[in-house]
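# Architecture and fold: a report
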Amino acid sequence: MDAKKERCLVLIKPDGVLRSLIGEIIARFEKCGLKVVGLGMVWPKREDIDNHYPKEEAWLRKIGEKTLKNYEKYGIDPQQELGTSDTLEIGKMVREWLLDYMTKAPIVKVALEGNHAADVVRKIVGDTLPLNSSPGTLRGDFSVEDAGLANREKRAIYNLIHASENSEEAEREIKVWFKEEELFDYKNLLDKLYE
């Protein structure tokens, strides 16, 4: 695949929408040369979000491991807070919190295209944990959310944005959120520059 045609899915999560950051977020991607090829606002149903987030054990364990590392960093006892230290069980809990969070308000779905889109988007977005995000990233500039606090409150981390991790994940996710006729193939000024 042509790296210049790589696509990435971005979901502006409920906290990004409710804080009126839609324009700011999309502008950051456009300013670095990524092109919007699909765009829409939806109030997702639980089944939409259930289809979006993986259900595989490996993914759930990865989420559970991230949670346990964060707990360890801040001296939180997972057994006391969550009733378990099993990564699979914690991953299942966090996934349920994500389903609750992502259905509480509208979200904005954005399909972006450009040179190494997934890598560029993730660099602009910042670390999944906003507290670890560098200044200049979207999460670093607009959130100080703490995973420990979110987990103690038994909810997802309010981190503004979902971004595909790689081009394979983006391809799968874009199919979940967009019909083929909602995606546009056109040339912008940057495309013309690189011709």
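Look a little higher up for the structure.
Procedures and definitions
- Residues numbered from 1 in each chain as written.
- Predicted model: local features only at pLDDT ≥ 70, side-chain atom pairs only at ≥ 80, totals over all residues.
- Heavy atoms only, no water.
- Helix = DSSP H or I, 4+ residues; strand = E, 2+ residues; numbered from the N terminus.
- Rg over C-alpha atoms; globule rule 2.2 N^0.38 Å.
- Buried < 20%, exposed > 50% of the residue type's maximum accessible area, 1.4 Å probe, protein only.
- Contact = heavy atoms within 4.5 Å.
- Areas by Shrake-Rupley, 256 points an atom, 1.4 Å probe, with all protein chains shown as cover.
- Core = buried A, V, L, I, M, F, W, Y, C linked by side-chain atoms within 4.5 Å.
- Salt bridge = Lys/Arg side-chain N within 4 Å of Asp/Glu carboxyl O.
- Axes fitted to C-alpha atoms, helices over the stretch in contact; angles between N-to-C directions.
- Parallel < 35°, antiparallel > 145°, perpendicular 65-115°, else oblique.
- Nonpolar A, V, L, I, M, F, W, Y, C, P; charged D, E, K, R; others polar.
- 1 Å grid on protein atoms, 1.4 Å probe; cavity = no way out; pocket = protein on both sides within 12 Å on 5 of 7 lines; lining within 4 Å.
- Points joined across faces, edges and corners; volume = space filled by probe spheres on them.

### Section: the overall build of the chain
Counting its regular elements, the chain contains 11 helices and 4 strands. Computed over C-alpha atoms, the radius of gyration of the chain comes to 17 Å, within 12% of the 16 Å expected from 2.2 N^0.38 for 195 residues, which places it in the range of a compact globule. Taking all 195 residues of the chain together, 48% fall into the buried category. A fraction of 77% describes how many contacts in the chain between residues 6 or more apart in sequence connect residues 24 or more apart. As displayed, the chain has an accessible area near 10200 Å², and 52% of this comes from carbon and sulfur atoms.

### Observations concerning the nonpolar core
In this structure, Leu98, Met102, Trp177 and Phe178 are the most contacted members of the largest nonpolar core, which totals 26 residues. Ranked by size, the runner-up nonpolar core spans 22 residues in total, among them Ile12, Ile25, Phe29 and Leu160.

### A few points about the side chain of glutamate 173
Tracing the backbone through its elements, the reader meets glutamate 173 in helix α10 (residues 167-177). The exposure class of glutamate 173 is buried, given its relative accessible area of 2%.

### Remarks on the pattern of salt bridges
The final tally for this structure, using the stated rule, is 19 salt bridges. A salt bridge links aspartate 185 to lysine 5; the shortest N-O distance between them is 2.9 Å. Of this pair, aspartate 185 sits in the loop between α10 and α11 (189-193) while lysine 5 is found in the segment before β1 (7-12), placing the two residues 180 residues apart along the sequence. Aspartate 185 sits in the exposed class, given a relative accessible area of 60%. The shortest N-O distance in the salt bridge between arginine 46 and aspartate 100 comes to 2.7 Å.

### So, the packing of helix α4 (residues 57-73) against helix α6 (residues 87-102)
One can describe the packing of α4 onto α6 by two numbers: an axis separation of 7 Å at closest approach and a directional angle of 90°. Taken together, the axis directions place α4 and α6 in an arrangement best described as roughly perpendicular. Within the contact between the two elements, α4 uses Glu57, Trp59, Leu60, Arg61, Ile63, Gly64, Glu65, Thr67 and Leu68 and α6 uses Thr87, Leu88, Ile90, Gly91, Lys92, Val94, Arg95 and Leu98. Looking at the contact of α4 with α6 residue by residue, the class counts come to 8 nonpolar, 4 polar and 5 charged.

### Let's talk about the layout of surface pockets
Considering only enclosed or pocket space, the largest pocket measures out at about 710 Å³ in volume. Taken together, 33 residues form the lining of the largest pocket, with Ile63, Lys66, Thr128, Ile157 and Asn159 sitting closest to its centre. Taken together, the elements giving at least two residues each to the lining of the largest pocket come down to α4, α6, α9 (147-152), β4 (161-163) and α10. It is α4 that provides the largest number of residues to the lining of the largest pocket, a total of 8 residues. Taken together, the residues that form the lining of the largest pocket break down as 12 nonpolar, 8 polar and 13 charged. Considered as a void within the structure, the second largest pocket measures approximately 390 Å³ in volume. Taken together, 19 residues form the lining of the second largest pocket, with Lys4, Asn115, Leu190, Asp191 and Tyr194 sitting closest to its centre. For the lining of the second largest pocket, the class distribution of residues is 6 nonpolar, 4 polar and 9 charged.

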